[in-house]
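# Summary of the model geometry
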Amino acid sequence: MRKKLPRHLSYDYQLKLEEVPTKHADRMPLKVVMPGIILGFLMVVLGLFELMNGMYDPEGWNYALDADTREPLFSHTAVDGAFIVLGLGIIISSIVSHIRYKKIFFNGKTFSVDLRGVFGENELFREFLRNYEGVRLRLEFFQFGILNKNKYIIELEHRDPQKSIPLYISTDGTGIYQIWYYYAKRLNMPTLMDTDEGTVVKEVSELDKSLREYLFAKGMISIYDDMPNPPKNMACIRKPDRTVIKPRRVFWDVFNLLGAFWLAFYLLVLTAAAFNYARIERLVGSPYKTALIFGIAVVIAVLLLGMMFKKDKIVLKGNKLILVHKFLFLSRKEYADLSRIKDIQVAYNPATDRYYLSIITDDNMLAFGKSIPIQDLQWTRDFIIYSMTR
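Residues numbered from 1 in each chain as written. Predicted model: local features only at pLDDT ≥ 70, side-chain atom pairs only at ≥ 80, totals over all residues. Heavy atoms only, no water.

### Observations regarding the packing of aromatic side chains
Two aromatic rings, taken as a pair, are described by how far apart their centres are and by the angle between their planes. Stated formally: Only the six-membered ring of Trp is used, alongside the rings of Phe and Tyr, when aromatic pairs are assigned; centres must lie within 6.5 Å, and planes under 30 degrees apart are stacked while those over 60 apart are edge-to-face, with the rest tilted. Strands are runs of DSSP state E lasting at least two residues, helices are runs of H or I lasting at least four, and both sets are numbered from the N terminus onward. Relative accessibility decides the category of a residue: with a 1.4 Å probe and only protein chains considered, values under 20% of the type maximum give buried, values over 50% give exposed, and everything between is partly exposed. Only Lys NZ and Arg CZ are tested; either one counts as a charge over a ring when it is within 6 Å of the ring centre and within 35 degrees of the ring normal.
Per the counting criterion, the structure on display carries seven aromatic pairs. When the centroid spacing of 5.0 Å and the interplanar angle of 70° are considered together, the rings of Tyr182 and Tyr183 count as edge-to-face. Centroid distance Trp379 to Phe383: 5.2 Å. Interplanar angle 25°. Geometry classified as stacked. Note that Trp379 and Phe383 are positioned in helix α9 (residues 374–388) at a spacing of four residues, about one turn of the helix. Across this residue pair, the class does not change: Trp379 and Phe383 are buried. Every member of this aromatic cluster is reached through a ring pair, and the members are Phe106, Phe111 and Tyr132. Its guanidinium or amino end placed over the ring of Phe128, Arg130 lies 4.2 Å from that ring's centre, counting from NZ or CZ. Against the face of Tyr214 rests Lys202, its NZ or CZ located 4.3 Å from the ring centre.

Shown next as structure tokens:
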């Protein structure tokens, strides 16, 4: 399933509908753009400074060679050039991300959208509210350096993806169901979600029901009377006070590969620095400070490597569902009350053309198994529904 979905620009956006007419701009804010520009500028300056032998000491280097110190793993010219190219790339991409925008205006019946790209004239289109199909909630994963982050998107869907209207975008999923419900009720539109079984549509009158109440009302509760054995990729560990569901191995997707690329680059730089340990020690002026710097760099490398192999598991304990994100010796937990779960779907992620398990409550939206095969996610969904309806 490769579905074309609209691409929105911001990470923090809200079209307020309390008072109409209303307007808002979907663009990357300066508070996000400026750190990227500053970082890129510093990388370019550092690369140019080093390229002009700003920190190169020929006499000291000859002394280091006489002291039987290894030659550098990479020439300083290649490293300086890489810093300049990367810095310029970060600056250009940051500026471009702020130049592009969508200005959205809504008068209660019609949307007017002003689109501005990097080059060319602005484009403008108008569309009646009645021509839209519903309010969709989706979770989009994006790469933030070496980390994967979630972007929660609520949008008004049009059959032409270019005419879909962003209503709410955030990296914080707190209260996302209530926000989704708010827009559906305010615009008197059904809710939509793309799943493994196609697009799930719910009318506004159905949104107040919990998943358990919804299944009883639709006569679907009998579907979950029996629970099949877990698939080979999933472990289901039953204990007297809890049940643990977790994948038997780590699954990777395109974001993990991208993170692995940046981690490899960091390790190469760290290796190059280790080959020039004596020179760095002379520049720092203290063997203790040099050892501290290298110690911190190694700890960061270990943490990043641990995050690449992060594991998730679901714990069902009493009336609680606990989603545990674990890496190395650290863990982060998200909680959901089984009686307050509004929906559980195997939702679609267009960025990777993969699926994930979306658990929606009144308070938040939990995402599990971003790289796990679809049949394993379906079993996990059915097992949770089976447990909550017993």
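The structure having been displayed, the exposition proceeds.
### A word on the confidence of the model for the protein chain
The cut-off we apply is this: Per residue, pLDDT measures the predictor's confidence, with a range of 0 to 100. Throughout, a residue-residue contact means that at least one pair of heavy atoms, one from each residue, lies within 4.5 Å.
Mean pLDDT for the protein chain: 81, with 88% of residues reaching 70 or above. Below a pLDDT of 50 lies the segment residues 63–68, which in the model reaches three contacts outside its immediate sequence neighbourhood of four places, other chains included.

### Concerning a nonpolar patch on the surface
Here is the rule we go by: Note on patches: the residues involved have over 30% relative accessible area and no salt bridge, like charges join within 9 Å, and the nonpolar side chains Val, Leu, Ile, Met, Phe, Trp and Tyr join within 5 Å. Computed by Shrake-Rupley with a 1.4 Å probe, the accessible areas treat only the displayed protein chains as cover when residues are assessed. A pairing counts as a salt bridge when a side-chain nitrogen of Lys or Arg comes within 4 Å of a carboxyl oxygen of Asp or Glu.
On the surface, Val298, Val299, Val302, Leu303, Leu328, Phe329 and Leu330 cluster together to form a nonpolar patch covering roughly 680 Å² of accessible area. Here the element with the most residues in the nonpolar patch is helix α8 (residues 287–308); it accounts for four residues. Along the polypeptide, Val298 turns up in helix α8. You can call Val298 partly exposed: its relative accessible area is 43%.

### A few points about the nonpolar core
Definition in use: In this description, a nonpolar core means a group of buried Ala, Val, Leu, Ile, Met, Phe, Trp, Tyr and Cys residues linked to one another through side-chain atoms lying within 4.5 Å.
Counting residues in hydrophobic clusters, the biggest one holds 39 residues, and the most contacted among them are Val135, Ile154 and Leu156. Breaking this core down by element, the ones donating at least two residues are β3 (101–106), β4 (110–116), β6 (134–144), β7 (147–157), β8 (165–170), α4 (176–187), β17 (354–361) and β18 (365–368). Residue contributions to this core peak at eight residues, all from α4. Contacts of Ile154, omitting those with residues within four sequence positions, involve Val135, Arg136, Leu137, Pro166, Leu167, Tyr168, Ile176, Ile179, Trp180 and Tyr183.

### Details of the side chain of Glu140
The line we're drawing: Polar contact is the term for a pair of N or O atoms within 3.5 Å; when the atoms are in protein, one must be able to donate a hydrogen and the other to accept it, and sequence-neighboring residues count only if both atoms are side-chain atoms.
Summarising the element assignment, Glu140 is placed in strand β6. Using a relative accessible area of 17% as the deciding quantity, one classes Glu140 as buried. Within the local environment of Glu140, its side chain forms a polar contact with the side chain of Arg138, the two groups lying 3.0 Å apart. Ignoring anything within four residues of it in the chain, the contact list for Glu140 reads Lys149, Asn150, Lys151 and Ile153.

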